[in-house]
Amino acid sequence: MKITIEDKPVDCEDEIIIRCDAVDESLMQLINSLKRGKNKLNVYLDGAIHLVDPEEIYYFETVDQRVFAYAKEAVYETKCRLYELEEQLPKQDFFRASKSTILNLDKIKSLSPAFGGRFEVKLTNGERLLISRQYVSALKEKLGIIQS
């Protein structure tokens, strides 16, 4: 992929031109994120609504039919279900790690095999999460990990 950035005259509008053979899902996601601009998530803490950038979230987890967003400084609650978050979040940055967890791939520090075909992920904040075995191959593919 070739990326070209050009200076424009002051009185012209910013413009993005995409030349491609076919428009696939990842390209559509990129286009949609450019159109939307920076999306913030509405999350709740102590009765107040907070607007948080998705990249601040380490992971989302369902506990007792409630969905929580774990950030560096706080644990927020969100009114969205995990499947709704999967649709909203950038697919290149977030990954469904189990039936109850969505993981921010940018927050992974290390991966290691765990028992039962699962993987353990150590996050940059020191927390450890398990990747269900049914999601391990998709994670390896997404991260470009070559299986031998």
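Reading the values: rules and limits
- Residues numbered from 1 in each chain as written.
- Predicted model: local features only at pLDDT ≥ 70, side-chain atom pairs only at ≥ 80, totals over all residues.
- Heavy atoms only, no water.
- Phe/Tyr/Trp six-rings, centres within 6.5 Å; stacked < 30°, edge-to-face > 60°.
- Helix = DSSP H or I, 4+ residues; strand = E, 2+ residues; numbered from the N terminus.
- Buried < 20%, exposed > 50% of the residue type's maximum accessible area, 1.4 Å probe, protein only.
- Patch = residues over 30% accessible without salt bridge, like charges linked within 9 Å, V, L, I, M, F, W, Y side chains within 5 Å.
- Areas by Shrake-Rupley, 256 points an atom, 1.4 Å probe, with all protein chains shown as cover.
- Salt bridge = Lys/Arg side-chain N within 4 Å of Asp/Glu carboxyl O.
- Pairing = 2+ DSSP bridges.

Once that is clear, we can look at the packing of aromatic side chains. Going through the model one piece at a time under the given rule, you end up with two aromatic pairs. A centroid spacing of 6.1 Å and a plane angle of 50 degrees characterise the contact between Phe60 and Phe94, whose relative ring orientation is tilted. On the criterion of sequence distance, the pair formed by Phe60 in strand 3 (residues 57-63) and Phe94 in strand 6 (residues 94-98) is long-range, its members being 34 residues apart. Of the two residues examined, Phe60 and Phe94, each falls in the buried class.

Moving on, we get to a nonpolar patch on the surface. On the surface, Ile16, Ile18, Leu30 and Leu34 cluster together to form a nonpolar patch covering roughly 370 Å² of accessible area. By relative accessible area, which is 39% here, Ile18 ends up partly exposed.

On to unusual backbone geometry. Of all residues except glycine, most have a negative phi; of all peptide bonds, most are trans. A positive phi angle, close to 50 degrees, is found at Asp64, a residue other than glycine. On the secondary structure map, Asp64 appears in the loop between strand 3 and strand 4 (66-71). The phi dihedral of Gln65 falls on the positive side, at around 65 degrees, and the residue is not glycine. Of note, Gln65 is situated in the loop between strand 3 and strand 4. Among the residues examined, Gln65 registers a relative accessible area of 68% and is labelled exposed.

What follows deals with the pairing of strand 3. As judged from the six bridges shared by strand 3 and strand 4, these two strands associate in the antiparallel manner. Counted as the bridge partner of Glu61 is Phe68 from strand 4. Connecting the antiparallel pair strand 3 and strand 4 is a turn made up of two residues, with Asp64 showing a positive phi of about 50 degrees. With three bridges connecting them, strand 3 and strand 7 (residues 101-104) associate as antiparallel partners. Opposite Phe60, over in strand 7, you have Ile102 as the bridge partner.

Quick look at the pattern of salt bridges now. Summed over all chains, the structure comprises four salt bridges. The salt bridge involving Asp53 is made with Lys40; its shortest N-O contact spans 3.2 Å. Placement of Asp53 in the loop between strand 2 (48-52) and strand 3 and of Lys40 in the loop between helix 1 (25-36) and strand 1 (41-45) is noted, with a sequence separation of 13 residues between them. Relative accessible area serves as the criterion here: at 44%, Lys40 is assigned to the partly exposed category. For Glu120, the salt bridge is made with Arg128, and the minimal N-O distance between the two is 3.2 Å. The exposure class assigned to Glu120 is partly exposed, which follows from its relative accessible area of 25%.

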